[in-house]
Amino acid sequence: MKTPDLYDAQAEGLTQVHRMITAALDEVAAQSRLAAAVTQATGAARFVLAHHHVEDTVLFPGLRELGNGATAFLDARDREHRVIHSLAERLLEHAAAPGPRVTELVSLSGELRRSLAAHVAEEEAGLSAENLRQLITVPNFTQLVARLEAARAGAAKIAGR
Ligand SMILES: [Fe+2]
Ligand SMILES: [Fe+2]
């Protein structure tokens, strides 16, 4: 049996979480009842923010510190994160505002999903297993994966999961 490869696992995990976030945003459009749309939109926006929080505070700084030469790529993704962050905040605000409307929740989720689609395509291509292997050595990547696992465990604890 092939030994599980850290680089493959990271790239697959990233793709998987992106798919889950996209599906959560798509689900908003499938809601016809306001209460369900509010719940779904809030969950999807928080999911986006939580995922990016781990990238902003652990993955990207770790790649900058322990990897080599991904700075321009990461800077561009950081800029996209800021745009996506403000869209996610707008969605959360509308969901929490008095008198939210399903049409607005669907429209904001669609906008967020479109920004995210371009961003995750870039991220998955730039952080493919093959590229990661060139970017960061096995010992350094092992260290970064441990930091990511600790951050995810911390986030799950806060979320009460
Ligand atoms: Fe990202
Ligand atoms: Fe991501």
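Predicted, not measured: the structure shown is a model, and the values here were computed from it. Residue numbering note: each chain is counted from 1, following its sequence as written. Chains and ligands are labelled by the order in which they are written, letters from A for the one and numbers from 1 for the other. With pLDDT at 70 or above as the cut-off, local features in this predicted model cover only qualifying residues; side-chain atom pairs require 80 or more to be listed or tallied, and sums for whole chains, interfaces and linings still use all residues.

1. Here's the deal with the overall build of the chain
Then comes step 1: Each helix and strand counted, the chain has six helices and zero strands in total.
Then comes step 2: When its C-alpha atoms are laid out on the principal axes, the chain stretches across 50 × 30 × 30 Å.
Then comes step 3: Per-residue burial for the chain yields a buried fraction of 25% across its 161 residues.
Then comes step 4: Residues are treated as contacting if the C-beta atoms built from their backbones sit within 7 Å of each other. Taking as baseline every contact in the chain between residues at least 6 positions apart, the subset at least 24 positions apart corresponds to 78%. Segments assigned H or I by DSSP are reported as helices when at least four residues long, segments assigned E as strands when at least two residues long, and all are numbered from the N terminus. Put plainly, a residue is buried at 20 or more neighbouring C-beta atoms within 10 Å of its own, exposed at 12 or fewer, and partly exposed in between, counting only other residues' C-beta atoms, which are placed from the backbone.

2. Considering helix 1 (residues 6-29)
Then comes step 1: Here helix 1 contains 24 residues, and its C-alpha end-to-end distance of 36 Å stays within 8% of the 34 Å for a straight helix at 1.5 Å per residue.
Then comes step 2: Those residues of helix 1 that fall on the buried side of the exposure criterion are Y7, Q10, L14, I21, L25 and V28. Here the expected span of a helix is defined as 1.5 Å times the quantity of residues minus one.

3. What about the environment of L49?
Then comes step 1: By the element assignment, L49 lies in helix 2 (residues 34-66).
Then comes step 2: Here L49 falls in the partly exposed class, since 17 other C-beta atoms lie within 10 Å of it.
Then comes step 3: With 36 residues separating them in the primary sequence, L49 and H85 have C-alpha atoms 6.7 Å apart.

4. Thoughts on helix 4 (residues 102-126)
Then comes step 1: Here helix 4 contains 25 residues, and its C-alpha end-to-end distance of 36 Å stays within 8% of the 36 Å for a straight helix at 1.5 Å per residue.
Then comes step 2: Here helix 4 has its buried residues at L105, L108, S109, L112, R113, L116, V120 and E123.
Then comes step 3: Looking at the buried side of helix 4, the elements it contacts are helix 1, helix 2 and helix 3 (71-96).

5. Looking at the packing of helix 1 against helix 4
Then comes step 1: Fitting a line to C-alpha atoms yields each axis, with helices limited to the stretch in contact; the angle taken between N-to-C directions then spans 0 to 180 degrees. Taken N-terminus to C-terminus, the directions of helix 1 and helix 4 make an angle of 165 degrees; their axes are 9 Å apart at the nearest point. As far as their axial angle goes, helix 4 and helix 1 are roughly antiparallel. Crossing of helix 1 against helix 4: the hand is left-handed. On the side of helix 1, the interface is formed by L14, T15, H18, I21, T22, L25, D26, V28 and A29, while helix 4 contributes L105, V106, S109, G110, L112, R113, L116, V120, E123 and E124.
Then comes step 2: The class makeup of the residues in the contact of helix 1 with helix 4 is ten nonpolar, five polar and four charged. Each angle receives one of four descriptions, namely roughly parallel if under 35 degrees, roughly antiparallel if over 145, roughly perpendicular if within 65 to 115, and oblique otherwise. Should the near helix be turned anticlockwise from the far one by less than a right angle, the crossing is termed left-handed; should it be turned clockwise, right-handed. Under the scheme applied, nonpolar residues are Ala, Val, Leu, Ile, Met, Phe, Trp, Tyr, Cys and Pro; charged residues are Asp, Glu, Lys and Arg; polar residues are all the others, including Gly.

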